[in-house]
Amino acid sequence: MKVLVPGGAGYIGSHTVRELSEAGYSPITFDNLSEGHLEAIRGGSFIQGDLTRFDDVRNALLDSGAEAVMHFAAHCYVGESVEDPGKYYQNNVVGGLNLLRAMAGTAGAGRAVPLLIFSSSAAVYGIPSQIPISEDHPRLPINPYGRTKKMFELMMEDFSRAHGLRWVSLRYFNAAGAHPDGSMGESHRQETHLIPLVLQAALGRRPGVSVYGTDYDTPDGTCIRDYIHILDLAHAHVLALEYLRSGGGNEAINLGNGTGYSVREVIQAARRVSGRPIPASDAPRRPGDPDRLISSSDKSRRLLGWEPAYPDLEQIIGTAWQWHLHQRY
Ligand SMILES: NC(=O)c1ccc[n+]([C@@H]2O[C@H](COP(=O)([O-])OP(=O)(O)OC[C@H]3O[C@@H](n4cnc5c(N)ncnc54)[C@H](O)[C@@H]3O)[C@@H](O)[C@H]2O)c1
């Protein structure tokens, strides 16, 4: 089966393209390379194009003969979305709408492509009112990035009712780690994620890391987050596609381990894994950071039969460390 993968040259997309290939699918990466890397594409074919140009998307769907889509292409820096919301609504919502219209076969697009897996985010929930967070938690995002993810989910719901699209929205918690063979990993233009920041500090590429807030209502006072290994995330996409292919209905499904680690625990684990001192300094809280973000993983396990292969924090950091030591792109 051919699967069009917008954003397949990015961090999560590229690991999923490889996983799709290894599972016997034919992925077609569709990416404008604004953030992604050609060297990261390990399997299938590549079309350079931009989601914000309708013709690019329509032609990619028609030319490739894709029967399903896995949609990763988006801007994804929360801080940047606050400073420049227009950039986020343009790419994530307008670009996403082009994809849905082309998939629905409307606007002169021709053939419909009915199956869609979407990269959503825990950011759709906003400040959690219950932990662990389950999928029926209200969607009350607190920044433009999270709102674009919620808007795309709402658009999928409407396109499903009108045109019969079937979808799974995968709401990721913190994606982390790298391929265990060390050949591919995380390489973002702006690094905002804790694990790569800590490892860059271990390598001396930055002076140290800041711990934003030490008086949260957690055992060591620092924020707790749920980290999920990139291959566990990639594998869940293949399971979600199989779920849709076997007739499964529209579902939003969290992807997290159901366990949380504090900022201090991550730094300590990275010191153990790397064997290097990592300078850390306490800094004030950042606005909008909840105490804890921990996923309920019941639904992914029940509906998809998903089981994490890399649930352990040191395993996650260990694969990321091997990547950062010999980073290739
Ligand atoms: N990294 C995380 O922890 C995390 C958490 C929750 C959700 N997500 C979501 O997962 C998806 C992938 O995240 P990532 O970390 O791999 O990001 P990434 O920036 O590495 O990958 C995104 C890819 O999309 C491409 N792209 C962006 N806009 C495009 C456009 N208009 N047309 C064609 N290609 C375009 C980029 O070039 C890049 O290759 C995003 O949708 C993100 O919002 C990520």
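Please read these numbers as outputs of a predicted model, since none were measured by experiment.

Criteria and cut-off values
Residue positions are counted from 1 within each chain, in the order its sequence is given. Two thresholds apply to this predicted model, a pLDDT of at least 70 for residue-level local features and 80 or more for giving and counting side-chain atom pairs, whereas whole-chain, interface and lining totals are computed over all residues. For the side-chain quantities, the full set of heavy atoms in the structure was used; hydrogens and water were omitted. Numbered from the N terminus, helices here are DSSP runs of H or I no shorter than four residues, and strands are runs of E no shorter than two. For every residue, the accessible area obtained with a 1.4 Å probe (protein chains only) is divided by the maximum for its type, and the residue is called buried under 20%, exposed over 50%, and partly exposed between those limits. Note on contacts: a residue pair qualifies if any of its non-hydrogen atoms lie within 4.5 Å across the two residues. Each accessible area is a Shrake-Rupley estimate made with a 1.4 Å probe; only the visible protein chains count as cover when residues are assessed. His is not counted here, nor are the chain ends, while Lys and Arg score as positive and Asp and Glu score as negative. A charged residue contributes its charge at one atom only: NZ of Lys, CZ of Arg, CG of Asp or CD of Glu. In these notes, residues near a molecule or strand are those with any non-hydrogen atom within 4 Å of it. In protein, a polar contact requires one atom able to donate a hydrogen and another able to accept it; more generally it is a pair of N or O atoms within 3.5 Å, and residues adjacent in sequence count only if both atoms are side-chain atoms. Whether two aromatic rings pair depends on their centres lying within 6.5 Å, for rings of Phe, Tyr and Trp, where Trp uses its six-membered ring; planes under 30 degrees apart make the pair stacked, over 60 edge-to-face, and the rest tilted. DSSP-based pairing: two strands are paired if at least 2 bridges between them are found. Axis definition: a line fitted to C-alpha atoms, limited for helices to the stretch in contact. Angles are taken between N-to-C directions and run from 0 to 180 degrees. Each salt bridge in this description consists of a side-chain nitrogen of Lys or Arg and a carboxyl oxygen of Asp or Glu lying within 4 Å of one another. These descriptions rest on fixed angle ranges, namely under 35 degrees for roughly parallel, over 145 for roughly antiparallel, 65 to 115 for roughly perpendicular, and the rest for oblique. In this scheme the crossing of two helices becomes right-handed for a clockwise turn of the near helix relative to the far one and left-handed for an anticlockwise turn of less than a right angle. All residues other than Ala, Val, Leu, Ile, Met, Phe, Trp, Tyr, Cys, Pro, Asp, Glu, Lys and Arg, Gly among them, are scored as polar; the first ten of these are nonpolar and the last four charged.

Visitor: Give me the lowdown on the overall build of the protein chain, citing residues and values where you can.
Guide: Helix and strand content of the protein chain: 10 helices and 14 strands. Seen through its C-alpha atoms, the protein chain measures out along the principal axes to roughly 55 × 40 × 40 Å. For the protein chain, the residues scored as buried account for 56% of the 329 residues in total. Long-range pairs, those at least 24 residues apart, make up 77% of the contacts in the protein chain between residues at least 6 apart in sequence. Total accessible area on the protein chain stands at roughly 12900 Å², and carbon and sulfur atoms take up 49% of it. Here the protein chain contributes 31 positive and 36 negative side-chain charges, whose respective centroids are spaced 2 Å apart.

Visitor: Hey, could you go over the site of the ligand for me, with residue numbers and the actual values?
Guide: Around the ligand, 29 residues are found, and the nearest of them are Ile12, Asp31, Asn91, Tyr145 and Lys149. Within the side chain of aspartate 31, one N or O atom sits 2.6 Å away from an oxygen atom of the ligand. Residue lysine 149 places a side-chain N or O atom 2.8 Å away from an oxygen atom belonging to the ligand. Compared with its free state, where it exposes 840 Å², the ligand has 97% of that area covered by protein. The set of elements that each furnish at least two residues to the shell around the ligand consists of α1 (11-22), β5 (115-121) and α5 (144-163). Of the residues forming the shell around the ligand, the biggest block, 3 residues, is contributed by β5.

Visitor: Lay out the packing of aromatic side chains in plain terms, naming residues and giving numbers.
Guide: This model, assessed by the stated rule, comprises 2 aromatic pairs. The interplanar angle of 35° and the centroid separation of 4.3 Å between the aromatic rings of phenylalanine 118 and phenylalanine 152 together place this pair among those described as tilted. Of this pair, phenylalanine 118 sits in strand β5 while phenylalanine 152 sits in helix α5, and the two are 34 residues apart along the sequence. By relative accessible area, phenylalanine 118 is classed as buried at 3%.

Visitor: Can you explain the sheet that holds strand β1 (residues 2-6)? Please cite residues and give values.
Guide: As summarised here, the arrangement of the 7 strands in space is β3-β2-β1-β4-β5-β6-β11, forming an open sheet in which the pairing is parallel. Single-partner strands in this sheet number two, and they are β3 (45-48) and β11 (251-255). The mean inter-strand angle of the sheet, taken between neighbouring strand axes irrespective of direction, is 20°. Where strand β4 (residues 68-71) lies against β5, 4 bridges are found, and the strand directions are parallel. Residue pairing across strands places alanine 68 opposite leucine 115, the latter belonging to β5. Sitting on the sheet, helix α7 (residues 230-245) touches β1, β4, β5, β6 (166-172) and β11, and the angle it makes with β6 is about 160°.

Visitor: Before we move on, could you go through the pattern of salt bridges and cite the residues and values that matter?
Guide: Tallied over the full model, the rule gives 18 salt bridges. Note that aspartate 56 and arginine 53 form a salt bridge whose closest N and O atoms lie 3.0 Å from each other. Residue arginine 53 is classed as partly exposed on the basis of its relative accessible area, which comes to 49%. The partner of arginine 301 in a salt bridge is glutamate 307, with the nearest N and O atoms 3.1 Å apart.

Visitor: So, the packing of helix α8 (residues 263-274) against helix α10 (residues 313-325): which residues are in play, and what are the values?
Guide: Running from N to C, α8 and α10 point in directions that differ by 60°, and their axes come no closer than 9 Å. With respect to each other, α8 and α10 are oriented oblique. Judged by the twist between their axes, the crossing of α8 over α10 is right-handed. Contacts between α8 and α10 involve Glu265, Val266, Ala269, Ala270, Arg272, Val273 and Ser274 from the first element and Leu313, Glu314, Ile317, Gly318 and Trp321 from the second. Of the residues that constitute the contact of α8 with α10, the class distribution is 7 nonpolar, 2 polar and 3 charged.

Visitor: Before we move on, can you summarise the pairing of β11 with the specific residues and values?
Guide: Most of β11 is tucked away, with 4 of its 5 residues classed as buried. Across 5 bridges, β6 lies against β11 in parallel orientation. Residue pairing in the sheet places leucine 170 in a bridge with isoleucine 253 of β11.

Visitor: Explain the side chain of threonine 29 to me, using residue names and the numbers behind them.
Guide: With respect to the helices and strands, the residue threonine 29 is situated in strand β2 (residues 26-31). According to the relative accessible area criterion, threonine 29 is buried, its value standing at 0%. For threonine 29, the residues in contact, after removing those within four places along its chain, are Val5, Gly8, Ala9, Val17, Ile41, Ser45, Phe46 and Ile47.

Visitor: So what about unusual backbone geometry? Which residues, and what values?
Guide: Omega for the peptide link from isoleucine 131 to proline 132 comes to -5°, which places this bond in the cis form. Relative to the assigned elements, proline 132 resides in the loop between β5 and α5. The residue leucine 33 is not glycine, and still its phi comes out positive at about 60°. Here leucine 33 shows up in the loop between β2 and β3.

Keep in mind that these numbers describe shape and distance, not what the molecule does.
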